[in-house]
Amino acid sequence: MSDTHTARNTVSSARRTARAVIDNFIDQEAARGLVLDTIQREALYALGNGTDVLLCAPTGSGKTMVALGAVELAFARRLRCVYTAPIKALSNQKYKELCARYGAEHIGLLTGDETIRRDAQILVVTTEVLRNMLYAHDSGVGDIGYVVLDEVHYLADPVRGPVWEEIIVQLPTQVRLVSLSATVANTAELTSWLESVRGTTTSVISTHRPVPLIQYVYAGGELTTLLTSKGKIAQPARTLLTSVNAPHGSQIRGRGSVASAERRRIIGTLERSRMLPAIEFIFSRKGCDRAVSDLLDSGIRFTNSNQERQIEEALSALRAQLSDADAHTVRFAFWARALRRGFSAHHAGMFPALKELTEELMSAGLLSLVYATGTLALGIDMPVRTVVVEDLRRFDGTDFIDLSATEYTQLIGRAGRRGKDSVGHAVVLARPEPSAEQLLELAAGGAEPLKSAFFPSYNTVVNLLKFSDYTAARAVMGTSFAQFQANARLGHAQVRARRIRARIQKLETALESECQRGSVVDYARLRAQAHRASKAERKRAKAAYREQIERSWKRATIGHTYVCSLSGELEYFGVLSIHKDRIHVITINSHIRWIRRQEVSSELRELGTFLMPFGMSMKDARVRSQIADEIFELAAERIDLGSDADLTGSWAHDAAPRDPRVSAHPVHGCPSVLSHLEHTRELLTLDQQLASLEATITSAVDSVAREFDITAGVLAYLGFLQGVPENPATAANTPVKLSGGAPVLARIHNEGDLLITLCLQESALSELTAAEFAGLCTAFLAERRLGERPGRLSTRPTAAWNAVLRNFEFLNKLELQRGIVRTPEPLGGGIAPFMAWASGTPLASVLRSFKLEVGDFMAANRRLIDLLSQIANATEGTPVGSLAVQAMQLIKRWEWL
């Protein structure tokens, strides 16, 4: 028997075994009362057939069952399965779930600062841990058979997104990858990239929710169904939203908070409709706390005696870990009162242990209502029957911004518990904003395209060069999703550039005989490239163009198509009727509207005519669509090429520049020179469009690899790398040696990785006490909620802070010179608070003295523990390493931290 035949039989046998495992898994779930749907089965059998799987589906659609299928296959094949989660809280939650299902002896946990059964067959990790294992060529990677990469849409996150891409690119191809994602608009593109990197990938895409979702608008104690069965705004909802947008029409005015009485009415409405438990998104920490306080004052209680007893047991276990002073500081009594009554809040300002207890109690069905900010949207598994959205704006860390369609879909996706609810409910409070059309856009569940956030960090470059020559490491950049998308943009740009060149050539030919005195094309381009015109000439040109706008307005004709700038935006339209200072038009999108003279900020450029539908009503959508199609035919190529972009530019475009070459050109003295220039307007506009496209094309070619070269160049300049080739693009198999601080840098996984490494070499840091070192390291967290400046410090911390600033200024200047942005500015506001905390100062005193919220402080404490752990591992056996270990022990004052 041939080797090929034997191999084929082996593969066939493995697939039969895998199918049997999947069949058994599906039967077991059915016996438990859970019948897997078509989407889940398709993904599971694809995995059993030996392909990678990309599953994109809404929240609550049961993606976890496919991940469990990977676990079952790993057990059956005696391989390891690594289950990744984006944040530590989710890793802990998944660890507990798997322990309960398969037994703790089979499950391990690695989260950076916590290690439980590292060699277990099933390992739950944060994404950063798996990435680090791959870069370190960890011995545990060799027997991994399956990796579940949860929340893969996180690769668009500007801070943490690159980690997902690095895992996908670095994961050995024999490992089967299960990628779980929310619904995104460009799944075909994502699948194509995955296949280009990892081989055959089965994409399973679904927008179907196993538990149907009904959306409502709430106003005045009443719920009005938002959408019809065809996905349109229901007329009663439209009427309601219109009345709210009318003057004096809103019961919940502006963007102010909802009144306490109104929130109680909402609760009453939900209770009567049997729509609890619910999460109500407020997007304000203070708003959440105030809502809980108001409910306590009102005496509302959702729990019975049995539920209250279970809640009390959980509260007692947590209270035993806190001193009286700490319990008072974290407002334990306040939150305990609320929890006993069956409600709470969830936001980043809360004491983390209380926030996590809220998650556990809600998941256990012991709470009926949680007021939440956006933190609850970040992957925490807490499904409910109903989601209430008070406002469609959220705080992004700097300002309040509109929710995107994807964010809104993920928020309301929590409504409807599979196996518990026959239907889920999403309720939006009626407010003056948004309009019915804007709400429809959100409610329709539209997904946004996934855009790569990948860039080669200093840590990435060092880790790649630790095991690869320069050429091979650089080639990895070309496999990133970032470069894949850049290549797609490059292709589109090249096609568009060819079309623009063809149009330019046609215009140049048409203008050859424009003027008997010389080339109008050469003259127009000379003017465009010449020095700026004088102020007086620019003023004259603007006045002339203002007159041209007036003339074009007066020449507007019924049945003709035009384009103009309205408040800086191009509008293509056909004229239906004219009334003095306004024109009745139909736009390219078939909308009927009035354009007033004062709105127009450019000339009306005529494009052609359309057939006026005499005797037919413009109320007929088919008539409007027919005219819009005619307008589109006239405008399509111009829109695609950008031929009318000049209309949004300066009014002084015809100003004669102060340049002797212009005045010396024969066309300059022609009496018809302004008319000639008008005919070259499209040509010059397309010249600009082409120049912009060519710059885009140049920047897209090997863009990520060139960033790799620049990053490696910085490291070579600092002495971290030796042997970096001068011309990386043509270098062949060049070995590069790690030197200086590179080994330390390779183990620091932080946005400020290189800055931290440079600072650790400063004597000012090694001279600190452990408490001072803990405080100083908060600067690298760049956490603005701790403050930006350190205030008054003693001599040693001041010297260390100055060393950090000096290194940042040096590194920032170096990056700017090379055209990259890598290192965030260190912030010193956390130095003094954490020095005090590490010195044993009571929590209450620290928070009071530095005006900090307990949730922010504890979140920073967790991040600081993780960073100190990295520093300790990277500098083991050195004085700084010892300092990091001591500092970590000082700030880990509770077991759960």
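Residues numbered from 1 in each chain as written. Predicted model: local features only at pLDDT ≥ 70, side-chain atom pairs only at ≥ 80, totals over all residues. Heavy atoms only, no water.

Caption draft 1: Representation of the packing of helix α34 (residues 854–874) against helix α35 (residues 879–891) within the structure. At a minimum axis separation of 8 Å, α34 and α35 run at an interaxial angle of 155°. As the angle between them shows, α34 and α35 are arranged roughly antiparallel. Crossing of α34 against α35: the hand is left-handed. Between α34 and α35, the contacting residues are Asn 861, Leu 864, Ile 865, Leu 868, Ser 869, Ile 871 and Ala 872 on the first element and Val 880, Gly 881, Ala 884, Val 885, Ala 887, Met 888 and Ile 891 on the second. (Axes fitted to C-alpha atoms, helices over the stretch in contact; angles between N-to-C directions. Helix = DSSP H or I, 4+ residues; strand = E, 2+ residues; numbered from the N terminus. Parallel < 35°, antiparallel > 145°, perpendicular 65-115°, else oblique. Left-handed = near helix turned anticlockwise from the far one by under 90°. Contact = heavy atoms within 4.5 Å.)

Caption draft 2: Here's a closer look at the packing of helix α30 (residues 770–777) against α34. The N-to-C vectors of α30 and α34 enclose an angle of 110°; their axes lie 10 Å apart at closest approach. Judged by the inter-axis angle, α30 sits roughly perpendicular to α34. Where α30 crosses over α34, the handedness of that crossing is right-handed. Taking contact as the criterion, the partners of Phe 773, Ala 774 and Cys 777 in α30 are, on α34, Leu 864, Leu 867, Leu 868 and Ile 871. For the contact of α30 with α34, the class distribution of residues is seven nonpolar, no polar and no charged. (Nonpolar A, V, L, I, M, F, W, Y, C, P; charged D, E, K, R; others polar.)

Caption draft 3: Layout of the sheet that holds strand β21 (residues 592–596). With antiparallel pairing, five strands are arranged side by side in an open sheet as β21-β20-β19-β18-β22. Edge positions in the sheet fall to β21 and β22 (605–609), since each has one partner strand and no second. Neighbouring strand axes in the sheet, compared pairwise and without regard to direction, differ in orientation by 45° on average. Note that strand β19 (residues 569–579) and strand β20 (residues 582–587) share six bridges and pair antiparallel. From the neighbouring strand, Ser 577 faces β20, where its bridge partner is His 584. (Pairing = 2+ DSSP bridges.)

Caption draft 4: Spatial organisation of the pairing of β19. The sheet contact formed by strand β18 (residues 560–566) and β19 spans six bridges and is antiparallel. Across the sheet, the residue bridging to Thr 561 is Gly 574, located in β19.

Caption draft 5: How the structure looks around the nonpolar core. In this structure, Phe 773 and Ile 871 are the most contacted members of the largest nonpolar core, which totals 190 residues. No other element matches α34, which puts 11 residues into this core. Among residues more than four places away in sequence, those in contact with Phe 773 are Leu 760, Leu 765, Leu 768, Leu 868, Ile 871, Val 880, Leu 883, Ala 884 and Ala 887. Formed by 37 residues, the second largest nonpolar core is a distinct cluster that contains Ala 18, Leu 44, Leu 109 and Leu 180. (Core = buried A, V, L, I, M, F, W, Y, C linked by side-chain atoms within 4.5 Å. Buried < 20%, exposed > 50% of the residue type's maximum accessible area, 1.4 Å probe, protein only.)

Caption draft 6: Structural detail: the sheet that holds strand β17 (residues 424–429). Overall, mixed pairing links the seven strands, which are arranged β10-β9-β17-β14-β11-β13-β12 in an open sheet. Looking at which strands have only one partner, the edges of the open sheet turn out to be β10 (222–225) and β12 (343–346). In this sheet, neighbouring strand axes are inclined to one another by 25° on average, regardless of whether the strands run parallel or antiparallel. As paired elements, β12 and strand β13 (residues 369–372) share four bridges and run parallel to each other. Among the inter-strand pairings, His 346 is bridged to a residue of β13, identified as Ala 372. Most of the contacts of helix α9 (residues 260–272) go to strand β9 (residues 213–219), to which it runs at about 140°, and overall it touches β9, β10, β11 (278–281), β13, β14 (386–389) and β17.

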